[in-house]
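Overview (structure and organization)
Given next are the chains, with one letter for each unit.
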Amino acid sequence: TSDACPSDEASSGVYVSFVTVSRIDSYRGDMAGRLRNWIEFVTHQCRSHSVRSEVVIVEWNPLEGVHAIADTLRDLVGEEDIPVKVVTVEHEFHSKVEAGTKQTFLEFIGKNIGGRRARGEMLLFSNPDNMFSEELYKALAKEKLDTDSFFRMPRVDMKGALTFHTPMRERVEELIRYRSEAEEHLLCPQSMP
């Protein structure tokens with residue numbers, strides 16, 4: 001594997017690392033656009049709520065002849081206040097671990113690699129099209145999560161309502177509106193060790 005951005009020590013002052021795995025391909029449409037939207041949304045919300053954070057993207061087994069994530073999203077990679085780091089897992093490593101399954105994308109191994117390279121005290125593993133509520137960012141900003149616990153959140157699917165072409169203010173408002181209509185609870189009422 002190779003890092004597109006150098007890694008700092010764990011004492012970096014990052015509270016939460018948002019970790020995802022992806023690659024630029026045609027799976028479910030515009031992956032570069034969905035990934036851009038996710039990064040922009042996460043970094044915007046973290047800035048808005050003063051969450052000490054970073055974004056770690058693992059690019060798993062990039063397709064030959066396709067631009068790398070770090071090149072495609074160059075304007076988002078290497079931000080100073082909320083670093084966006086890309087870790088590339090090359091085909092050579094993939095072929096060693098896919099164990100004859102013929103799978104070309106190993107999401108969970110990729111997330112483990114991202115987690116090992118993350119600098120945050122807490123890790124939030126996600127897919128590149130998951131958006132999180134205001135309440136989550138507010139909870140992260142307080143920095144009071146129990147480090148001996150595992151947290152989960154209910155998931156509510158939105159039908160293509162948020163794209164990176166939409167101004168950020170409208171994306172945030174749409175998520176809040178959609179969330180207020182949902183009947184799910186945002187966070188588990190109590191963490192379980």
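Use the structure listed above.
Okay, so let's go over this structure. (Residues numbered from 1 in each chain as written. Predicted model: local features only at pLDDT ≥ 70, side-chain atom pairs only at ≥ 80, totals over all residues. Heavy atoms only, no water.)

1. Quick notes on the side chain of T43
By the secondary structure assignment, T43 is in helix α1 (residues 31-48). The class for T43 is buried, based on a relative accessible area of 6%. A polar contact is formed between the side chain of T43 and the backbone oxygen of E40, at a distance of 3.2 Å. Discounting chain neighbours no more than four positions away, the residues touching T43 are V55, I82 and V84. (Helix = DSSP H or I, 4+ residues; strand = E, 2+ residues; numbered from the N terminus. Buried < 20%, exposed > 50% of the residue type's maximum accessible area, 1.4 Å probe, protein only. Polar contact = N/O pair within 3.5 Å; in protein donor to acceptor, adjacent residues only side chain to side chain. Contact = heavy atoms within 4.5 Å.)

2. Looking at the pairing of strand β5 (residues 122-125)
Every second residue of β5 is oriented toward a common face, the buried set being M122 and L124 and the non-buried set L123 and F125. The pairing of strand β2 (residues 16-22) with β5 spans 4 bridges and is classified as parallel. Considered in β5, the bridge of V16 is made with M122. (Pairing = 2+ DSSP bridges.)

3. With respect to the pattern of salt bridges
The tally for this structure, following the rule as stated, stands at 11 salt bridges. For R36, the salt bridge goes to D75, with nearest N and O atoms at 2.9 Å. Of this pair, R36 sits in helix α1 while D75 sits in the loop between α2 (69-72) and β4 (84-89); the two residues are 39 residues apart in sequence, bridging distant segments of the chain. Accessibility expressed as a relative area gives 14% for R36, which makes it buried. Taken together, the shared-partner salt bridges in this structure form one network comprising R36, E40 and D75. (Salt bridge = Lys/Arg side-chain N within 4 Å of Asp/Glu carboxyl O.)

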